[in-house]
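# Structure at a glance
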Amino acid sequence: MKNTLEFAKQADNNDKLKSYRQKFLFPQHAGREVVYFTGNSLGLQPKTTQQYIQQELDDWAKHGVEGHFHAKNAWLPYHEFLTEKMAKIVGALPEETVMMNQLTVNLHLLMVSFYRPTKQRYKILCEAKAFPSDQYALQSQIKFHGFEIEDALIEVAPREGEYIIREEDIFSAIEKNKDSLALVMIGGVNYFSGQVFDMKAITEAGHKAGAIVGFDLAHGAGNINLELHNWNVDFAAWCSYKYLNAGPGSVAGAFVHQKHLSNTDLPMFAGWWGHDKQTRFLMGSTFVPMKTAERWQLSNAPIFSMAACRASLDIFDEVGMNALIEKSKQMSAYLEFVVEDISKQKNNCLQIITPKQNRGCQISIVAHGHGKPLFNKLMENGVIPDWREPNVIRCAPVPLYNSFEDIYRFGEILKGLL
Ligand SMILES: *Cc1c(COP(=O)(O)O)cnc(C)c1O
């Protein structure tokens, strides 16, 4: 690798996915596309999204309520149009996958079924400094069941002076609490450091201890290889507006492993969209649960946000996760190379805290002695990374629409500012 424009352009020329950049709308700065490194926060808009939503607006105008049956894409089963493509991305069976609600809502709904604390077994293990919404969700579930947060929540932290959580520390915490552990609930990819956890091994360890294992995949879905079914994960939830480009606040995803689907006695919060489809409109007073992940649906589907999600999932389906991951590895390696090259020229002030192996496309950088003002200046100069307190600049070159030249340009602007 070389930190030169020539090298970056050559890498773009060799990139089999380079045409996909043209399928997305980029914010502009000073007459050109910004260096957009925030696909891990809000993915860019596919150019096709507008027509997918327009189709539903047109069908609403044309059919009114009859659109539930007669829209080009009938609204009644609309969520089903997303299921198979979504399932492929997370390594699930279609029956294990559903698009519904928002991420935090789904975490709660799934914990209603899968966090069933008893006097002996009531603890939840998570990573320290989990995304705030996950912390609030876990804490409120614990309180809801009448337990004390200090006693019931086990947070595994990086060791003193380290940024990355050692997996051995997760395993030993599971082992240590094996008689009282009810649930392991971890962000599969840490939003701050970009660390990817060995979800297969954590699932095995959790199960061995007699606990249920769930993952928040907000930073995993559409970013890394996931095999939720094969890994035997109990449940998972993710949003669609980060790597999946479905637009701000768009509909989220949920996974429930096949092995739980035949158990119709699972406690849950129910709504009419989780009722058996054949008899839903008989409007009976007894809930008849579906034997798929659709059981956890409460309400009829938000069609416009589903349409936006569908536009993006169609692109993912065309490209495939394998090709994306291959390019993602090349891009994060190149970004790492460029950052280290610049750091050497600038008193080693840049430290990458993301692990070299277990990561997706996000690289988290600590700029010693610079901090937030450096981030602000990057923004003023047409780069959009993001800032996470207290000291991290997150950069996610996403394989679907970022280029190697983006990475080179980022490096040049960064170097100029240092
Ligand atoms: C982005 C993110 C969320 C956001 O939750 P919403 O319910 O979609 O607002 C939650 N958890 C994690 C780990 C995230 O990265």
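Residues numbered from 1 in each chain as written. Predicted model: local features only at pLDDT ≥ 70, side-chain atom pairs only at ≥ 80, totals over all residues. Heavy atoms only, no water.

## What about the packing of aromatic side chains?
What counts, and what does not: Geometry of aromatic contacts follows a simple scheme: Phe, Tyr and Trp rings, the Trp one being its six-membered ring, pair when their centres are within 6.5 Å, and the pair is stacked under 30 degrees between planes, edge-to-face over 60, tilted otherwise. Helix and strand assignments come from DSSP, with helices taken as H or I runs of at least 4 residues and strands as E runs of at least 2, each series counted from the N terminus. Think of it in three bands: residues with accessible area under 20% of the maximum for their type are buried, residues over 50% are exposed, and the middle band is partly exposed, with areas taken using a 1.4 Å probe on protein chains only.
Taken as a whole, this structure holds 17 aromatic pairs when the rule is applied. Plain terms: the ring middles of Phe-24 and Tyr-401 are 4.9 Å apart, the flat faces sit at 50 degrees to each other, and that makes the pair tilted. Placement of Phe-24 in strand S1 (residues 24-25) and of Tyr-401 in the loop between strand S17 (392-395) and helix H14 (404-417) is noted, with a sequence separation of 377 residues between them. Exposure class is identical for Phe-24 and Tyr-401. Each is buried. Consider the rings of Tyr-78 and Phe-81, whose centres lie 5.2 Å apart with planes at 70 degrees: the pair is edge-to-face. Through successive ring pairs, a cluster of aromatic residues spans Phe-24, Phe-26, Tyr-36 and Tyr-401.

## Description of the pattern of salt bridges
Selection criterion: The working definition used for a salt bridge is a side-chain nitrogen of Lys or Arg within 4 Å of a carboxyl oxygen of Asp or Glu.
Using the criterion set out here, one finds 19 salt bridges in the structure. Ionic pairing is found between Glu-340 and Lys-356, a salt bridge with its closest N-O pair at 3.6 Å. Taken together, the positions of Glu-340 in helix H12 (residues 321-345) and Lys-356 in the loop between strand S13 (350-352) and strand S14 (363-367) put the pair 16 residues apart, joining distant regions of the chain. The exposure class of Glu-340 is partly exposed, given its relative accessible area of 36%. Salt bridges sharing partners connect three or more residues here, namely Glu-336, Glu-340, Lys-356 and Arg-359.

## Describing the nonpolar core
Worth spelling out the cut-off: For the purposes of this section, nonpolar cores are sets of buried Ala, Val, Leu, Ile, Met, Phe, Trp, Tyr and Cys residues that join through side-chain atoms within 4.5 Å. Any two residues whose heavy atoms approach within 4.5 Å at even a single point are treated as in contact.
If you look at the biggest cluster of nonpolar residues, it comprises 70 residues, and the most contacted ones within it are Leu-125, Ile-170, Val-184, Leu-228, Trp-238 and Leu-400. If sequence neighbours within four positions are ignored, Ile-170 has contacts with Leu-125, Val-156, Ile-165, Ile-186, Phe-197 and Ile-202. Membership of the second largest hydrophobic core comes to 32 residues, among which are Val-98, Phe-114, Tyr-122 and Ala-254.

## Some remarks on the packing of helix H1 (residues 5-13) against H14
Note the following rule: Only C-alpha atoms enter the line fits that serve as axes; for helices the fit covers just the stretch in contact. Angles between N-to-C directions range over 0 to 180 degrees. The labels follow the angle: roughly parallel below 35 degrees, roughly antiparallel above 145, roughly perpendicular from 65 to 115, and oblique for the rest. Take the far helix as the reference: if the near one is turned anticlockwise from it by less than a right angle, the crossing is left-handed, and if turned clockwise, right-handed. Residue type decides the class: Asp, Glu, Lys and Arg count as charged, Ala, Val, Leu, Ile, Met, Phe, Trp, Tyr, Cys and Pro as nonpolar, and the leftover types, Gly among them, as polar.
Orientation of H1 relative to H14, taken along the N-to-C sense of each, is 160 degrees, at an axis distance of 7 Å. By the angle class used here, H1 and H14 are roughly antiparallel. Taken as a pair, H1 and H14 cross one another with a handedness that is right-handed. Each of Leu-5, Ala-8, Lys-9, Ala-11 and Asp-12 in H1 lies in contact with H14, whose residues at this interface are Phe-404, Glu-405 and Tyr-408. Of the residues that constitute the contact of H1 with H14, the class distribution is five nonpolar, no polar and three charged.

Function cannot be inferred from these measures alone, as they are strictly geometric.
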